[in-house]
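# Structural overview
One letter stands for each residue in the lines below.
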Amino acid sequence: MTYGFDTLQIHAGARPDPATGARQTPIYQTTAYVFRDADHAAALFNLQEVGYIYSRLTNPTVAVLQERVATLEGGAGAVCCSSGHAAQIMALFPLMAPGLNVVVSTRLYGGSITQFSQTMQRFGWEARFVDIDDMDAIEAAIDDKTRAVFCESIANPGGHIADLRAVADVTDKAGIPLIVDNTTASPYLCRPIEHGATLVVHSMTKYLTGNGTVTGGVVVDSGTFDWSASDKFPSLSQPETAYHGLKFHETFGPLAFTFHGIAIGLRDLGMTLNPQAAHYTLMGIETLSLRMERHVQNASRIAEWLEKHDRVASVTYAGLKSSPYFDRVAKYCPRGASGLFTVQLKSGYDGCVRMVDSLELFSHVANLGDTRSLVIHPASTTHRQLSDEQLKAAGAGPDMVRISIGTEDADDLIADLDQALIKAG
């Protein structure tokens, strides 16, 4: 039987606890698990049997979350980890090696740009930044050493919507995976796998959890990529010495990437999601569709109001008819363009600072996707490490304020924004 999204966000992956009958998924706060006997232990360690060994690798609470997010994204499997940035490393880890490169969108969260342009260099990985709307530039940046293209479905902070199908056509031609960060959209608004993505990553800290309580990340595997079609991905197609020559793709098929993420990625990188955080995220996902509907409803109304305000130069919300990405909303985000966008103030950098300091309902924090409305000035905070050129490319100029619209009463949010804009000058 095929279930709808609202049903799956509550039930996918979950069963009544077999020991107690508990309806809510228990928090399995345990480090290790007792083996039935020596043969059982050996089978688990040889990847001949699926089960629980040690919570750095697998945990029953986390396993429910993995299955739920994979189901909502339309993927074959998923691996949860400790943060969104951890998820990005986990997604690339099986694909990359020193001397290889990944083609990356310039329209990314500032911390991601820093991670790709600075930190990943220490692994010997090169990031090649391109305008993700320029298919010729993407194709020109790909060479024999390219192992993936990375973009955001809805970019943070500007709300730009990527033309995923067009990008996927380029990656398909090159025989490499497309990795899409779907944090800002959530699977309720956008399902990148349906548009050609190979892997989907999330900072579950944001909309999936939705209440600002925990950090977490996840990598969802579409299960559709042929890792053995070339010699580009030996970690997945060639014998793994740590498991007596096992070939992940040959052995696990559509779940090859997922099993590698657990058996190698979590085993050796150790970026594990704790079970309590998984529990909070599971509870958050139960109301994902309800929250996203309100986020979109509020954001649409407030963006329209801001666009007409005499202190505002522009608003980047893709749900506005004036947005150059408005036509992509119907194709990629038919339920709406999320609740994140930037506002350009006529009063410039200083006006942005005054506005942020004057808001009362909006919380000034380095987060998004909360039920509470949030605000930040990217150029002086989340994108502070970037050059002026990078700030412009990312849609985070000095006169821009990023707004994450929550689920409060829209009239109250408008009143708060109005008084702050007046004080901004």
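## Digging into the pattern of salt bridges
Counting across every chain of the model gives 14 salt bridges. Salt-bridge contacts for Asp133 lead to Arg107; the nearest nitrogen and oxygen are separated by 3.7 Å. Taken as a pair, Asp133 in the loop between strand E3 (126-130) and helix H6 (135-141) and Arg107 in the loop between strand E2 (101-105) and helix H5 (110-117) lie far apart in primary sequence, 26 residues in all. Here Asp133 falls in the partly exposed class, since its relative accessible area comes to 25%. Connected through salt bridges with shared partners, the residues Arg107, Asp131, Asp133 and Arg328 form a single ionic network.

## Details of helix H11 (residues 256-269)
A bend of about 30° at Ile262 is the largest found in H11. Here H11 lies mainly inside the structure; ten of its 14 residues are buried. Those residues of H11 that sit buried are Ala256, Phe257, Thr258, His260, Gly261, Ile262, Ala263, Ile264, Gly265 and Leu266. Residues of H11 that are buried in the fold lie against strand E1 (77-81), helix H4 (84-92), strand E6 (199-203), strand E7 (217-221), helix H9 (234-237) and helix H10 (248-252).

## Comments concerning the side chain of Ser289
Among the structural elements, Ser289 can be located in helix H13 (residues 288-307). You can call Ser289 buried: its relative accessible area is 0%. In contact with Ser289, other than residues within four places in its own chain, are Phe5, Asp6, Gln9 and Tyr188.

## A short note on the packing of H13 against helix H17 (residues 410-424)
Packing of H13 against H17 leaves a shortest axis separation of 10 Å and a crossing angle of 30°. Regarding the angle of H13 to H17, the classification is roughly parallel. Relative to H17, H13 is oriented so that their crossing is right-handed. Contacts between H13 and H17 involve Asn298, Arg301, Ile302, Trp305 and Leu306 from the first element and Ala410, Asp411, Leu413, Ile414, Leu417, Asp418 and Leu421 from the second. Class assignment of the residues belonging to the contact of H13 with H17 gives a composition of eight nonpolar, one polar and three charged.

## Description of the sheet that holds strand E10 (residues 363-364)
Pairing in this open sheet of five strands is mixed, and the strands run E8-E9-E12-E11-E10 from one edge to the other. The open sheet terminates on both sides in strands that have one partner only, identified here as strand E8 (312-315) and E10.

## Considerations on the nonpolar core
Ranked by internal contacts, the top residues of the largest apolar core, which has 131 residues, are Ile138, Phe248, Leu306, Phe341, Met355 and Ile403. With seven residues, H13 is the largest single contributor of residues to this core. Apart from residues no more than four positions distant in its own chain, Ile138 is found in contact with Val103, Val130, Asp131, Ile132, Val149, Val167 and Val170.

## Details of the packing of H4 against H11
Running from amino to carboxyl end, H4 crosses H11 at an angle of 115°, the nearest separation of the two axes being 10 Å. H11 is crossed by H4, and the crossing has right-handed handedness. Seen from H4, the contacting residues are Ile89, Met90 and Ala91; seen from H11, they are Phe257, Gly261, Gly265, Leu266 and Leu269. Classifying every residue of the contact of H4 with H11 by side-chain character gives six nonpolar, two polar and no charged.

About the thresholds
- Along each chain, residues carry numbers from 1 onward, in the same order as the chain's sequence is written.
- Since the coordinates come from a predicted model, pLDDT governs what is reported: local features require at least 70, and pairs of side-chain atoms require 80 or more to be given and counted, while whole-chain, interface and lining totals use all residues.
- For the side-chain quantities, the full set of heavy atoms in the structure was used; hydrogens and water were omitted.
- Just to be clear on terms, a salt bridge is a Lys or Arg side-chain nitrogen sitting within 4 Å of an Asp or Glu carboxyl oxygen.
- Per the convention used, a helix needs a DSSP run of H or I reaching at least four residues, while a strand needs a run of E reaching at least two, with both numbered from the N terminus.
- Remark: exposure states derive from per-residue accessible area (1.4 Å probe, protein chains only) relative to the maximum for the residue type, with buried under 20%, exposed over 50%, and partly exposed in between.
- We define the bend at each residue as the angle formed by axes fitted to the 7 residues ending at it and the 7 residues starting at it.
- Throughout, a residue-residue contact means that at least one pair of heavy atoms, one from each residue, lies within 4.5 Å.
- Between N-to-C directions, angles cover 0 to 180 degrees, with each direction set by a line fitted to C-alpha atoms, over the stretch in contact for helices.
- With respect to orientation, any angle under 35 degrees is reported as roughly parallel, any angle over 145 as roughly antiparallel, any angle of 65 to 115 as roughly perpendicular, and every other angle as oblique.
- Handedness of each helix crossing follows the sense of rotation of the near helix against the far helix: counterclockwise by less than a right angle gives left-handed, clockwise gives right-handed.
- Following the grouping adopted for this structure description, the nonpolar residues are Ala, Val, Leu, Ile, Met, Phe, Trp, Tyr, Cys and Pro, the charged ones are Asp, Glu, Lys and Arg, and the polar ones are all others, Gly among them.
- If DSSP finds at least two bridges between two strands, the strands pair.
- Among buried residues, those of type Ala, Val, Leu, Ile, Met, Phe, Trp, Tyr and Cys that are joined through side-chain atoms within 4.5 Å constitute a nonpolar core.

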